[in-house]
Amino acid sequence: MLTKRIIPCLDVKDGKTVKGVNFENLRYAGDPVELAKKYSLQGADELVFLDITATNEKRPTLAALVERVAKNVFIPFTVGGGINSVDDIRVILNAGADKVSINSAGVKNPQLISECVNYFGSQCIVAALDARFVGNDYYIFINAGKVNTGKRLVDWAKEVEDRGAGEILLTSMDFDGTQKGFDIQMNKLVSDLVKIPVIASGGAGANYQHFVDVFKNTNVDAALAASIFHFDTLPVDTLKQKLKEFQISIR
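Residues numbered from 1 in each chain as written. Predicted model: local features only at pLDDT ≥ 70, side-chain atom pairs only at ≥ 80, totals over all residues. Heavy atoms only, no water.

1. Some remarks on the overall build of the protein chain
And step 1. Along the backbone of the protein chain there are 10 helices and 12 strands.
And step 2. Taken along its principal axes, the extent of the C-alpha atoms in the protein chain is 45 × 40 × 35 Å.
And step 3. Classification of the 251 residues of the protein chain by burial places 57% in the buried group.
And step 4. If you take every contact in the protein chain between residues at least 6 apart in sequence, the share linking residues at least 24 apart comes to 67%.
And step 5. Roughly 10400 Å² of accessible area belongs to the protein chain as shown, and the carbon and sulfur atoms make up 50% of that amount.
And step 6. Charged side chains of the protein chain number 29 positive and 30 negative; the gap between the two group centres comes to 1 Å. (Helix = DSSP H or I, 4+ residues; strand = E, 2+ residues; numbered from the N terminus. Buried < 20%, exposed > 50% of the residue type's maximum accessible area, 1.4 Å probe, protein only. Contact = heavy atoms within 4.5 Å. Areas by Shrake-Rupley, 256 points an atom, 1.4 Å probe, with all protein chains shown as cover. Lys, Arg positive; Asp, Glu negative; His and termini not counted. Charge placed at Lys NZ, Arg CZ, Asp CG, Glu CD.)

2. A word on the packing of aromatic side chains
And step 1. If you walk through the whole model with that rule in mind, you get 6 aromatic pairs.
And step 2. Summarising the aromatic geometry, the rings of Tyr119 and Phe120 are spaced 6.0 Å apart at their centres and angled 35 degrees between planes, so their arrangement reads as tilted.
And step 3. For Tyr119, a relative accessible area of 55% corresponds to the exposed category.
And step 4. The aromatic ring of Phe141 is capped on one face by Arg132, whose charged end is 5.9 Å from the ring centroid. (Phe/Tyr/Trp six-rings, centres within 6.5 Å; stacked < 30°, edge-to-face > 60°. Lys NZ or Arg CZ within 6 Å of the ring centre and 35° of its normal.)

3. Section: the pattern of salt bridges
And step 1. Counted by the stated rule, this structure contains 17 salt bridges.
And step 2. Where Arg152 meets Asp137, a salt bridge forms, and the shortest distance between an N and an O atom there is 2.8 Å. One end of the pair, Arg152, is in strand S9 (residues 147–152); the other, Asp137, is in strand S8 (residues 137–142), with 15 residues separating them in the sequence.
And step 3. Relative accessible area serves as the criterion here: at 34%, Arg152 is assigned to the partly exposed category. (Salt bridge = Lys/Arg side-chain N within 4 Å of Asp/Glu carboxyl O.)

4. Section: the nonpolar core
And step 1. Grouped together as the largest cluster of nonpolar side chains are 72 residues, with contacts concentrated most on Leu129, Ile168 and Phe211.
And step 2. Per element, the largest residue contribution to this core is 5 residues, and it comes from helix H5 (residues 111–120).
And step 3. Aside from chain neighbours lying at most four places away, what touches Leu129 is Ile140, Leu153, Trp156, Ala157, Val160, Ile168, Leu169, Leu170 and Thr171.
And step 4. Judged by nonpolar contacts, the second largest core, of 10 residues, contains Ile7, Cys9, Ala128 and Ile199. (Core = buried A, V, L, I, M, F, W, Y, C linked by side-chain atoms within 4.5 Å.)

Spatial relationships are all this shows, so hold off on functional conclusions.
What follows is the structure, encoded as structure tokens:
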């Protein structure tokens, strides 16, 4: 049986970690370097760093901050936000990231995913999908959740897999920051559809049952959370111990 991963996420704005609800109302959550160190020591399996305003501000990711974080963690480290080219990825990997997450730029130019896979390999490329339920289906949103692309989630998930992305970071915009649990329906839909690993994101609360539910009821490989870890309402090591009690295979 494949082991499941627990992944803290650092949403970074102006060099500071922030957290909001449904991608809005951001509040300060701590220094990204200090938080990264804490999660590495607590036994997190991986770390995700998202420069959440880079795309809308039309600027590259904060490479200097990425380098500072990378020097303080000893676990796989994924970086996203403002990634628009092969050169952007080279800068981020050289700064110490292990993987790079592509979101808006990949939707606008799907060929970018194929090019990046060809240059760096599937294992380096994570396709970040932000989706919301509209009408009677899930649709992909870009530009920090501000623009509905009209693309169906299932169509885009299949395409990024076909283009060689190594895994999918799947965020439910409807559940983001609500702490009412993961969107089981959406995560099941995508994790049943694709063969590459899926990371569930959006909705985790200070209740280990939320993680039990997403691992037991879907085929996701990992679960990502932010505020419950930032504010120590459910530390990583405590969560992992609880999951083991439910016979969930954890790294």
